[in-house]
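# Geometric and topological summary
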Amino acid sequence: MPNTELASRLFDALDRATRQGAGIVRDSYGQGEQAAHDILRAAASDLGLECAVDAIGNLMMTLPGQDRAASAIIIGSHLDSVPQGGNFDGAAGVVAGLCAFAQLRDMGVTPSCDVTVMAIRAEESAWFDVPYLGSAGAFGLLDPAVLAVRRTDTDLTLAETLTVNGFDVEAILDRRRLLDPARIRAYLEVHIEQGPELVGEDLPVAIVSGIRGCLRFRAARCVGEYAHSGAVPRRHRQDAVAATVALLHHMNEYWRRIEARGDDLVLTSGEFSTDPAMHGPSKIAGETRFVVDIRSTSDTVMTAVAAELQAAAARIEEEYRVRFMLGQPSYSPPALMDAGLRRELSRLSDAPYEMASGAGHDAAIFAGQGIPSAMIFIRNRNGSHNPAEAMALDDFAVAQRLLTRLLLSFPL
């Protein structure tokens, strides 16, 4: 049976150690994250696991297998949080791994290969504006230029922060591989869902099909002409707001069509503004700035949506007598989870349900290295990245039981 007593004790300890006011503060490479690492390492030692910390601070807690020379399974997630976050984002995955080990121990099971729970450093980009520092750094993927990035609250560079914490800056400078993909049999990650889908479906867990990539037009602009709101008829206006609204409305309707044919897509304009130095209640706005964020598990879909955005902008320019300057988009690729692991999880699940992840996770880094990867989502009310995260222990137990079943019936 899942060890909910251990899980409850660990979540309570994390909450007590890292709650500041309403929310959780487990700052990347800071006191909060380190407190979480200390709590989980102590629990791992109590379970008799082998504990080690790599050059950039990732904590490895290993249950030895029968064949110690065989490639290992890694169960991982992060322990840092956004400022004033919730208690379960990231931490649920590390706790689930330790609870699975406790269940295997109680069953008298020794896995065929080493299985390591990896508490990964600095997944959140809130503190250094660089995501996946721990996982990308472990594979030598970080550009050494990130060492000059300053922490948002202390203003210390990443290099200074690593040094203060006793970690090795040279590992990032040398792009040193701390993990060898060829020595990793699979990567598994349990994580709370950060949206409302499982709540809406009334399901405790989901199997993640893939992590959406992102094509983002970060600095889009529409330029028209400022004019008096009462003096210019519609046929003469060059209204940047009206044109931008028309473009975003068109893209929302296009999203409906993509969704209706069964393709995965989410489309967002999280920033949309006029110039406060120029706008006014009696003015036609002459300029807008906005963002278009395109996410999908399919590169083909993202490319098609970007092409539709550009074509629609060209049409709307003529109709509204404005100019759109969308700029060059940034890009992060989608990461599909391993088909064999997904099939096995579906077979082992009491109520199999698949969904895509719209948020990024360390699993994307492992999958990008060619490592078979899988994720399990846990139902979580009230969203994430806020103090109100509300994962129920009963739902956590379902996810942990599914993780343990997979370890006992590993398909790869």
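Placed above this text is the structure.
Residues numbered from 1 in each chain as written. Predicted model: local features only at pLDDT ≥ 70, side-chain atom pairs only at ≥ 80, totals over all residues. Heavy atoms only, no water.

The next point concerns the overall build of the chain. On a plain count of helices and strands, the chain comes out with twelve helices and 19 strands. Rg of the C-alpha trace for the chain: 24 Å, near the compact-globule value of 22 Å for 412 residues, within the 12% margin. Oriented by its inertia axes, the alpha-carbon framework of the chain measures out at about 80 × 50 × 40 Å. For the chain, the residues scored as buried account for 52% of the 412 residues in total. Working note: accessible area of the chain is about 17,400 Å², and carbon and sulfur atoms make up 50% of it. Separation between the mean location of the 38 positive side-chain charges and that of the 53 negative ones in the chain comes to 4 Å. (Helix = DSSP H or I, 4+ residues; strand = E, 2+ residues; numbered from the N terminus. Rg over C-alpha atoms; globule rule 2.2 N^0.38 Å. Buried < 20%, exposed > 50% of the residue type's maximum accessible area, 1.4 Å probe, protein only. Areas by Shrake-Rupley, 256 points an atom, 1.4 Å probe, with all protein chains shown as cover. Lys, Arg positive; Asp, Glu negative; His and termini not counted. Charge placed at Lys NZ, Arg CZ, Asp CG, Glu CD.)

Assignment of secondary structure puts Arg342 in helix H10 (residues 339-348). Polar side-chain contacts of Arg342 include one of 3.3 Å to the backbone oxygen of Ser209. With sequence-adjacent residues up to four places away left out, Arg342 is seen in contact with Ile207, Val208, Ser209, Met337 and Glu354. (Polar contact = N/O pair within 3.5 Å; in protein donor to acceptor, adjacent residues only side chain to side chain. Contact = heavy atoms within 4.5 Å.)

At Arg175, a position not held by glycine, the phi torsion is positive, near 50 degrees. Unlike most non-glycine residues, His385 shows phi in positive territory, near 60 degrees. Tracing the backbone through its elements, the reader meets His385 in the loop between strand E19 (373-378) and helix H12 (393-408). Owing to a relative accessible area of 39%, His385 belongs among the partly exposed residues under this scheme.

This model, assessed by the stated rule, comprises six aromatic pairs. Plain terms: the ring middles of Tyr187 and Phe366 are 3.9 Å apart, the flat faces sit at 10 degrees to each other, and that makes the pair stacked. Highlighted residues: Tyr187 in strand E7 (residues 184-192) and Phe366 in helix H11 (residues 362-368), separated in sequence by 179 residues. An identical accessibility class is assigned to Tyr187 and Phe366; each is buried. One aromatic cluster is present, formed by Phe11, Phe88 and Phe396 through successive ring pairs. Between the NZ or CZ atom of Lys283 and the centre of the ring of Tyr226, over which it lies, the distance is 5.4 Å. (Phe/Tyr/Trp six-rings, centres within 6.5 Å; stacked < 30°, edge-to-face > 60°. Lys NZ or Arg CZ within 6 Å of the ring centre and 35° of its normal.)

A few words on the packing of helix H8 (residues 240-260) against helix H9 (residues 299-320). Viewed as axis vectors pointing N to C, H8 and H9 meet at an angle of 145 degrees, and their least axial separation amounts to 10 Å. Our pair here, H8 against H9, has a crossing hand that is right-handed. Taking contact as the criterion, the partners of Ala242, Ala243, Ala246, Leu247, His250, Met251, Tyr254, Arg257 and Ile258 in H8 are, on H9, Val301, Ala304, Val305, Glu308, Leu309, Ala312, Ala313, Arg315, Ile316 and Tyr320. For the contact of H8 with H9, the class distribution of residues is 15 nonpolar, one polar and three charged. (Axes fitted to C-alpha atoms, helices over the stretch in contact; angles between N-to-C directions. Left-handed = near helix turned anticlockwise from the far one by under 90°. Nonpolar A, V, L, I, M, F, W, Y, C, P; charged D, E, K, R; others polar.)

To continue, consider the nonpolar core. One finds Phe11, Leu40, Met61, Val95, Leu98, Leu188 and Phe396 to be the most contacted residues of the largest nonpolar core, which totals 55 residues. At eleven residues, the largest contribution of residues to this core is made by helix H3 (residues 91-107). The residues contacting Leu98, other than those within four sequence positions of it, are Leu6, Leu10, Leu40, Ala43, Ala44, Leu47, Leu49, Met61 and Val117. By size, the runner-up hydrophobic cluster in this structure holds 46 residues, among which are Val130, Tyr132, Leu142 and Ile371. (Core = buried A, V, L, I, M, F, W, Y, C linked by side-chain atoms within 4.5 Å.)

As a packed pair, helix H1 (residues 4-18) and helix H2 (residues 31-46) sit with axes 9 Å apart at the nearest point and diverge in direction by 150 degrees. One element, H1, and the other, H2, form an angle in the roughly antiparallel class. As H1 packs across H2, the resulting crossing turns out to be right-handed. In this structure, H1 uses Leu10, Ala13, Leu14, Ala17 and Thr18 to contact H2, whose residues at the interface are Gly32, Ala35, Ala36, Ile39, Leu40 and Ala43. Here the contact of H1 with H2 is composed, by residue class, of nine nonpolar, two polar and no charged. (Parallel < 35°, antiparallel > 145°, perpendicular 65-115°, else oblique.)

Per the counting criterion, the structure on display carries 25 salt bridges. Of the charged contacts in the structure, one is a salt bridge between Arg347 and Glu344, with a shortest N-O distance of 2.7 Å. Of this pair, Arg347 and Glu344 are both found in helix H10, three residues apart, which corresponds to roughly one turn of the helix. For Glu344, a relative accessible area of 12% puts it in the buried group. Here the salt bridges do not stand alone but share partners, grouping Asp27, Arg151 and Asp153 into one network. (Salt bridge = Lys/Arg side-chain N within 4 Å of Asp/Glu carboxyl O.)

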